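# Breakdown of the fold
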Amino acid sequence: MANSRTVLILCGDYMEDYEIMVPFQALQAFGVSVHTVCPGKKAGDSCPTAVHDFCGHQTYSESRGHNFTLNATFDEVDLSKYDGLVIPGGRAPEYLALTASVVELVKEFSRSGKPIASICHGQLILAAADTVNGRKCTAYATVGPALIAAGAKWVEPITPDVCVVDGSLITAATYEGHPEFIQLFVKALGGKITGANQRILFLCGDYMEDYEVKVPFQSLQALGCQVEAVCPEKKAGDRCPTAIHDFEGDQTYSEKPGHTFALTTNFDGLVSSSYDALVIPGGRAPEYLALNEHVLNIVKEFMNSEKPVASICHGQQILAAAGVLKGRKCTAYPAVKLNVVLGGGTWLEPDPIHRCFTDGNLVTGAAWPGHPEFVSQLMALLGIQVSF
């Protein structure tokens, strides 16, 4: 994958958690260089994020998400160096749309004709920058009146995964549309995806880590893979609560409630041999999934057949319990080292924490900061390529 494109993501405090991290890490996994900036902040500063979820109320709920670390400085942005712009949603766009330097940046991008991909409430910034007049676009439904007032040809988001393209402008209603949203943006950047006709199974459980399921799940969907998620004793349409594990200066990670994650397939009757690869998210779910014989048999089947298996963070607790680490080199979250060693694996230190490793058909990572390497190494095993 040639790293031949560079994109900018426009961040702000309380942007939606998924809507920053999924495109940020997916694009990096696909070989794109991604810079993240926020007005009034510099590289190394962080932005708090918001978890917006749909829990049966008349509007979305909100709780505190992960902290997102910026990797570039807003005041040093040179637009000539970027091939595209991404604008996440959440609450940040409400105040960013009133920030003159942000509005001017978006205007310059629009005038250049470079791709702009904006999601959910991000379109408030597009309206403030006068970039939607006469153009088709969608957004989260409550943003519709502002876009109509700005002259947009409003496309109602009948479903939460709606995406709309008008020339160089890509808009989406919510993070449920990420797979198409990201795929359209990659295409607009001149990218070509090959080898993605794969079926991939995710082994889920209650309180798996929020990012560690959603980021690889939607990244692989964006490539065009058929991705399905199952959980013992649950069926298609059921949901798993997730946990936000973050690093906030304590001796171990903190935990907060994450999004709920919708399963796509029944666990009972699962034919695991029909899948080309297995992904095991981390979080707290692996602690109890490692006690489930059916789960362990699924893992053994994938490993014995030498199909790709990608496991991250605490997911390796399941690998150890399944007895498939003997003679294997792997990493995990450092606190899982004991499980790996007792399971017969050769421990590889995750230094830095985003380091991932491949040993034969097995990809392992230590924590969600490693998702770009984690997804990229799984892509390599599957023969999936993104070229520009």
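Placed above this text is the structure.
Description of the structure in this document. Keep in mind that what you see is a predicted model, and the values were worked out from it rather than measured. Residue positions are given per chain, counted from 1 along the sequence in the order it is written. Given that this is a predicted model, residues contribute local features only at a pLDDT of at least 70 and side-chain atom pairs are listed and counted only at 80 or more, while totals for whole chains, interfaces and linings are drawn from all residues. Excluding hydrogens and water, the side-chain figures rest on all heavy atoms present in the structure.

## What to know about helix H7 (residues 210–223)
If you check H7, its first and last C-alpha atoms are 20 Å apart, about what 14 residues at 1.5 Å a residue would give, namely 20 Å. Taking the backbone nitrogen of Tyr-211 as reference, a side-chain oxygen 2.7 Å away marks Glu-209 as the first, capping residue of H7. Runs of E in the DSSP output that reach at least two residues are strands. Runs of H or I that reach at least four are helices, and both are numbered from the N terminus. Residue Gly-224 follows H7 closely and has a positive phi angle near 105°. A helix is expected to span 1.5 Å multiplied by its residue count minus one. A 3.5 Å cut-off defines polar contacts: any pair of N or O atoms within that distance qualifies, except that in protein one atom must be a possible hydrogen donor and the other a possible acceptor, and neighbouring residues in sequence count only when both atoms are side-chain atoms.

## Observations regarding the sheet that holds strand S3 (residues 33–37)
At least two DSSP bridges between two strands are required for those strands to pair. Pairing within the open sheet is mixed, and its six strands lie in the order S3-S1-S6-S7-S11-S10. The sheet is open, and its two edges are formed by S3 and strand S10 (163–166), each paired on a single side. Pairs of neighbouring strands in the sheet enclose a mean axial angle of 15°, with direction left out of account. One ladder, built from five bridges, connects strand S1 (residues 6–10) with S3; its direction is parallel. To obtain an axis, a line is fitted to C-alpha atoms, over the contacting stretch when the element is a helix, and the angle between two such axes runs from 0 to 180 degrees between their N-to-C directions.

## Side note on the side chain of Gln-198
By the secondary structure assignment, Gln-198 is in the loop between strand S12 (192–194) and strand S13 (199–203). A relative accessible area of 12% means that Gln-198 is categorised as buried. Here Gln-198 is in contact with Cys-225, Gln-226, Asp-276, Leu-382 and Ile-384, once residues within four sequence places are set aside. Each residue is placed in one exposure class: buried if its accessible area under a 1.4 Å probe, protein chains only, is under 20% of its type's maximum, exposed if it is over 50%, and partly exposed if it falls in between. Should any heavy atoms of two residues lie within 4.5 Å, those residues are counted as being in contact.

## Section: the nonpolar core
Buried together is how nonpolar side chains tend to be arranged in soluble globular proteins. Counting residues in hydrophobic clusters, the biggest one holds 128 residues, and the most contacted among them are Phe-30, Phe-202 and Val-299. If you tally residues by element for this core, the top one is helix H1 (residues 17–29), at eight residues. As used in this record, nonpolar core signifies buried Ala, Val, Leu, Ile, Met, Phe, Trp, Tyr and Cys residues forming a set joined through side-chain atoms within 4.5 Å.

## Details of the sheet that holds strand S4 (residues 46–53)
Whenever strands of a sheet pair, they do so through backbone hydrogen bonds, lying parallel or antiparallel. The strand order across the open sheet formed by three strands is S2-S4-S5, and the pairing between neighbours is mixed. Of all the strands in the sheet, just strand S2 (15–16) and strand S5 (61–69) have a single pairing partner and so form its edges.

## A short note on unusual backbone geometry
The step from Asp-351 to Pro-352 runs through a cis peptide bond, and the omega angle for that step is 5°. You can see Pro-352 is positioned in the loop between strand S21 (346–347) and strand S22 (356–359). Positive phi outside glycine occurs at Cys-120, with the angle close to 60°. Mapping Cys-120 onto the fold places it in the loop between strand S7 (116–119) and helix H4 (123–128). At Glu-306, a residue that is not glycine, the phi angle is positive and equals roughly 65°. Take Glu-306: it is sitting in the loop between helix H9 (293–304) and strand S19 (309–312).

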